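Overview (structure and organization)
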Amino acid sequence: MEPIKITEKAVAFIKEAFESKKVPEGYVLRVGAKGGGCSGVNTYLGFDKIKEDDKEFVIEGLQVVVQKKEMMFLIGKKLDYVEEGEMKGFVFE
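The text that follows walks through the structure, step by step, so that each part is easy to find. (Residues numbered from 1 in each chain as written. Predicted model: local features only at pLDDT ≥ 70, side-chain atom pairs only at ≥ 80, totals over all residues. Heavy atoms only, no water.)

It is worth spelling out the pairing of strand S5 (residues 62–67) at this point. Two faces make up the sheet, and in a regular strand the side chains alternate between them. Taking burial as the measure, the 6 residues of S5 include 5 buried ones, the bulk of the element. With 6 bridges joining them, strand S4 (residues 54–59) and S5 adopt antiparallel strand pairing. Paired with Asp54 across the bridge in S5 is Gln67. (Buried < 20%, exposed > 50% of the residue type's maximum accessible area, 1.4 Å probe, protein only. Helix = DSSP H or I, 4+ residues; strand = E, 2+ residues; numbered from the N terminus. Pairing = 2+ DSSP bridges.)

So this is what it looks like as structure tokens:
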């Protein structure tokens, strides 16, 4: 079971970032969550190498990794890319 959903729009921007940022071979999309902040949990994403304690998924054609200890904070979340006025970027819902 995949811990998160990724919208088509977010997938398109992530794939574009892999190419435009010239992400090195062997890197995948890392999605995670860390405790802290006003809401209690801060979600993040970036490009990283696979680590020993990662759980691997293929979501909408993207290779995605999540640290096992962070899985419970991501279940049920959706990653989207929004463009509203001058604001553009990824959001977790």
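Scanning the model with the defined rule gives 5 salt bridges in all. Of the charged contacts in the structure, one is a salt bridge between Glu83 and Lys9, with a shortest N-O distance of 3.3 Å. Of the two residues, Glu83 is situated in strand S6 (residues 77–84) and Lys9 in helix H1 (residues 8–20); the sequence distance between them amounts to 74 residues. On the accessibility criterion, Glu83 (39% relative accessible area) is partly exposed. Its relative accessible area of 38% is what places Lys9 among the partly exposed residues. Between Asp48 and Lys51 there is a salt bridge, with the nearest N and O atoms lying 3.0 Å from each other. Relative accessible area serves as the criterion here: at 18%, Asp48 is assigned to the buried category. (Salt bridge = Lys/Arg side-chain N within 4 Å of Asp/Glu carboxyl O.)

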